[in-house]
Amino acid sequence: MRLPFAESTRSSVGLEWELMLADRETGDLVPRAPEVLEELEEKSALERFTVTGELLTNTVEVTSGVGHTVAEAVDDIGDAICALREETEPRGVELLCAGSHPFAQWFDQQVTDKTRYHTLIERTQWWGRNMMIWGIHVHIGVDDVDKVIPIVNALTVFLPHLQALSASSPFWAGERTGYASNRALVFQQLPTAGLPWQLGTWDDFEGYLDDMVRTGVMADASEVRWDIRPAPKWGTVEIRACDGMSTLPELAAVAALAQTLVEHFSRLLDEGRELPGIPPWYARENKWRAARYGLDARVIVDREGTQRPVVEHLRETMEELAEVAVELKCAREFASLETILATGGSSARQVAVADAADGDLREVVQHLIREFRGGPTLREHLAALRV
């Protein structure tokens, strides 16, 4: 199977953000996406952003245009959210994002009426119906098809860092899971999802797709659901490992890390240098550790099996990539990674709210709604709960 890789601007950025729709008073998920999207379709037809449906009718996805910088893509997302709020506010619907909803049950949710979604549910059954998960997708442009697979492999070394930064699903169906990112382990139950196969070349990727299509596993490349995958249609590498970010600044920070990593690896390839890599058994263990412990994880960072605290290794990586971030004009967003590290990320914040509220997960949802709006800080919210 020959699969063309589209031309794209090197290290350009595209963002996709899956958002929950919830009742303003109760925090319960509401199936209002179809009516909201119907109103938005004509109004946003000429905009750079898009707002579309997803697997469940309680979800909308906002997507940026192609940004030359992280800021450009984030501005598109901000515009999309403003347009979306014009429709949700009068309906008493709030927006929020995390890898999972703290207390919603899968059997209460409605599947969007599209053939592709019904086909997915028919094949995957219980696991498919349990896909109450929200994430972000970060696309970074790659200027040479021969770089794509090596960059995917190198990014796998940093998958636990990205996963830990974004971890935001400590609760599932009303239960505290003990995981920072329960979503990471749920999503990999889908066919073709999970860690990318460690291939060598683009020809190997085409061979993989040929095998999958020929045996009826998938229809085309869009059904490759790897945590990090090539996106031939857009000419990008797409990072899909992250839980849904709870705030726009956090989305921008993770996008900046993704952009600087891809550009860094592209430069190493231009210089004929070897990219970092780890065996697949280490990658698998790292994914589990990041899902379990989030930013408290120790991860394996090289082929020799060296283990480091993920925060410590991330800070060293940030120092190494700082000049690249300046050149890509994302230094401000890149620096705000430190804010995530300082707060422990969304997962830790949610757990802190639950503890302060005697386990009341409706308070956690209200906290997520406030965060998405850019409302009170965690410290202010916890102080209010203790009054």
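Residues numbered from 1 in each chain as written. Predicted model: local features only at pLDDT ≥ 70, side-chain atom pairs only at ≥ 80, totals over all residues. Heavy atoms only, no water.

Participant: How should the pattern of salt bridges be read in this particular structure?
Facilitator: A side chain of one charge can pair with a side chain of the opposite charge when the charged atoms of the two come close. Inspection of the entire model under this criterion finds 36 salt bridges. Residue R183 pairs with D243 through a salt bridge whose shortest N-O separation is 3.5 Å. Of this pair, R183 sits in helix 6 (residues 182–187) while D243 is found in the loop between strand 11 (236–239) and helix 8 (248–270), placing the two residues 60 residues apart along the sequence. Overall, the relative accessible area of 0% leaves D243 in the buried class. Measuring nitrogen to oxygen at the nearest pair gives 2.6 Å for the salt bridge that ties E327 to R267. With a gap of 60 residues between them, E327 in helix 10 (residues 310–327) and R267 in helix 8 connect regions that are remote in the sequence. Taking the relative accessible area as the measure of exposure, R267 reaches 26% and is therefore partly exposed. A single salt-bridge network, built from bridges that share partners, covers R10, D143, K147, E263, R267, D270 and E327. (Salt bridge = Lys/Arg side-chain N within 4 Å of Asp/Glu carboxyl O. Helix = DSSP H or I, 4+ residues; strand = E, 2+ residues; numbered from the N terminus. Buried < 20%, exposed > 50% of the residue type's maximum accessible area, 1.4 Å probe, protein only.)

Participant: Help me understand the state of the cysteines, please; the structure alone is not making it clear to me.
Facilitator: By definition, a disulfide links the sulfur atoms of two cysteine residues through a covalent bond. A complete count under the given rule lists zero disulfides for this structure. Between C242, a cysteine without a disulfide, and C97, which holds the nearest cysteine sulfur, the sulfur-to-sulfur distance is 11 Å. Overall, C242 belongs to the buried group, its relative accessible area being 1%. No disulfide involves C330; its sulfur sits 15 Å from that of C242, the nearest cysteine. Residue C330 is classed as buried on the basis of its relative accessible area of 0%. (Disulfide = S-S within 2.5 Å.)

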